[in-house]
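Take a look at the letters that make up each chain.
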Amino acid sequence: MNKLQKTFSDRNELIDYVATLSPWLTDRSVSHHRGGVEEAEIRLDNIDPEGYVRSRNFLNGKITYLSPYIRHGILTLDRVRKTALSKIDKPAKIEKFIQELAWRDFWQRKYYEDSNCIWFDIEPYKTGFSKDDYADELPDDIAHGETGVACIDQFIHTLLDSGYMHNHTRMYVAAYVIHWRQIKWQAGARWFLHHLIDGDAASNNLSWQWIASTFSNKPYIFNLENVRKYANKEINTCSHDNQVLDASYETLSKKLFPNMQSQP
């Protein structure tokens, strides 16, 4: 077997070389996220853990973008934790930051404990539907970001173009796939793992199960008002272009989970 080339004159040469290793790929688009130890070190040095805690749910918040480097073993959770703690005087200030690292560690431990939980429902759906009521395959309109729901399509195109999504938009898209379109979470999880540069089976799949309610006590849903609260101005949150999302939580719950309403 030939050894892989490790040094390149510039990024374009690297991209061309990687393309030769995957001749079956017709899409030559490249994520703007850069890999490697040097880039990981720069991003780690520049994290703002207090800013993250204050703004992490906002799409233009102080996100670290460290997940690809953690996923591929360039950075460890412990090193990220120690770096974050070195930047503040009181650990309590960044409790939520540390919790997010702990969640990632928990997903991995859960996977190690029982690898079957990654692809099989840990618990039944708590939506008033059985798993057989959900479709097995992801429709093409979702896969290509052509659902007709403007903000969802924008989030999907970000995934397709960059290989990355803000965690909040991952939740929005997952909820749309499972609850609005009634598709099994496994189909969405496979789709995400195919595109995400930080795609980690444990974190990804168990998060999908949390949205679905097969690993939580209730399904996660959202509405257009919530998207407007956290989105930046580039996201289309016009009511006319997002009609299926534009309702109160009570109204959406009745529409999405009608069987729950009839239970005593």
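Placed above this text is the structure.
Here, residues in each chain are numbered from 1, in the same order as that chain's written sequence. Reporting of local features is limited, given that this is a predicted model, to residues whose pLDDT is at least 70; pairs of side-chain atoms are given and counted only at 80 or more, and all residues count toward the totals for whole chains, interfaces and linings. Excluding hydrogens and water, the side-chain figures rest on all heavy atoms present in the structure.

J.: Explain the packing of helix α10 (residues 185-195) against helix α11 (residues 201-212) to me, and be specific about the residues and the numbers.
T.: How two helices pack is summed up by the angle between their axes together with the distance between the axes. Remark: α10 packs on α11, axes separated minimally by 9 Å, with the N-to-C direction vectors making an angle of 145°. At the point where α10 passes α11, the crossing takes the right-handed sense. In this structure, α10 contributes W185, G188, A189, F192 and L193 to the contact, and α11 contributes A201, N204, N205, W208, Q209 and A212. Residue polarity follows a fixed list, in which Ala, Val, Leu, Ile, Met, Phe, Trp, Tyr, Cys and Pro are nonpolar, Asp, Glu, Lys and Arg are charged, and the others, Gly among them, are polar. Each residue belonging to the contact of α10 with α11 can be placed in one class, and the counts come to 7 nonpolar, 4 polar and no charged. With axes taken as lines fitted to C-alpha atoms, and helix axes fitted only over the stretch in contact, angles between N-to-C directions fall between 0 and 180 degrees. Each helix corresponds to a stretch of at least 4 residues labelled H or I by DSSP, and each strand to a stretch of at least 2 residues labelled E; elements are numbered beginning at the N terminus. Take the far helix as the reference: if the near one is turned anticlockwise from it by less than a right angle, the crossing is left-handed, and if turned clockwise, right-handed. Here, residues are in contact when the closest pair of their heavy atoms is within 4.5 Å.

J.: So what's going on with the nonpolar core? Residues and values would help.
T.: Residues grouped as a nonpolar core are buried Ala, Val, Leu, Ile, Met, Phe, Trp, Tyr and Cys residues, joined through side-chain atoms within 4.5 Å. Exposed residues in this analysis have more than 50% of their type's maximum accessible area, buried residues have under 20%, and partly exposed residues fall in between, with area computed by a 1.4 Å probe over protein chains only. Counting 45 residues, the largest nonpolar core has I152, F155, V173, W180, W191 and F222 as its most contacted members. Among the elements of the structure, α7 (140-143), α8 (150-162), α9 (167-180), α10, α11, α12 (224-230) and α13 (249-256) are those that each provide at least two residues to this core. Top element by residues in this core is α9. It accounts for 9 residues. Of all hydrophobic cores here, the second largest spans 16 residues; its members include L44, L75, V80 and I88.

J.: Describe the environment of Y134, listing the residues and the values that go with them.
T.: Along the chain, Y134 falls in the loop between α6 (95-113) and α7. Look past the residues within four positions of Y134 in its chain and what remains in contact with it is Y125, T127, F129, I178, Q182, I183 and K184.

J.: Give a description of the packing of aromatic side chains that names residues and reports values.
T.: Pairing of aromatic rings covers Phe, Tyr and Trp, the last counted by its six-membered ring, and requires centre-to-centre distances within 6.5 Å; plane angles under 30 degrees mean stacked, over 60 mean edge-to-face, and any other angle means tilted. Tallied over the full model, the rule gives 18 aromatic pairs. Pairing Y125 with Y134 gives two aromatic rings, centres 4.2 Å apart and planes at 15°, and the pair type is stacked. Overall, the relative accessible area of 9% leaves Y125 in the buried class. What makes Y134 buried here is its relative accessible area of 5%. Taken together, a centroid distance of 6.1 Å and an interplanar angle of 85° make the contact between F129 and Y134 edge-to-face. Residue class for F129 comes out buried when judged on its relative accessible area of 17%.

J.: Describe the environment of A175, naming the residues involved and giving the relevant values.
T.: Counting through the fold element by element, A175 comes out in helix α9. Owing to a relative accessible area of 0%, A175 belongs among the buried residues under this scheme. The residues touching A175, leaving out its near neighbours within four places in the chain, are W180, I211, Y220, I221 and F222.

J.: Go over the state of the cysteines with me, naming the residues and quoting the values.
T.: Any two cysteine sulfur atoms lying within 2.5 Å of each other are counted as a disulfide. Enumeration according to the criterion identifies 0 disulfides in this entry. Between C238, a cysteine without a disulfide, and C151, which holds the nearest cysteine sulfur, the sulfur-to-sulfur distance is 11 Å. According to the relative accessible area criterion, C238 is partly exposed, its value standing at 38%.

J.: So, unusual backbone geometry: which residues are in play, and what are the values?
T.: For Y65, which is not glycine, the phi torsion reads 55° and is therefore positive. Assignment of secondary structure puts Y65 in the loop between α3 (49-55) and α4 (67-71). The partly exposed category is assigned to Y65, whose relative accessible area is 29%.

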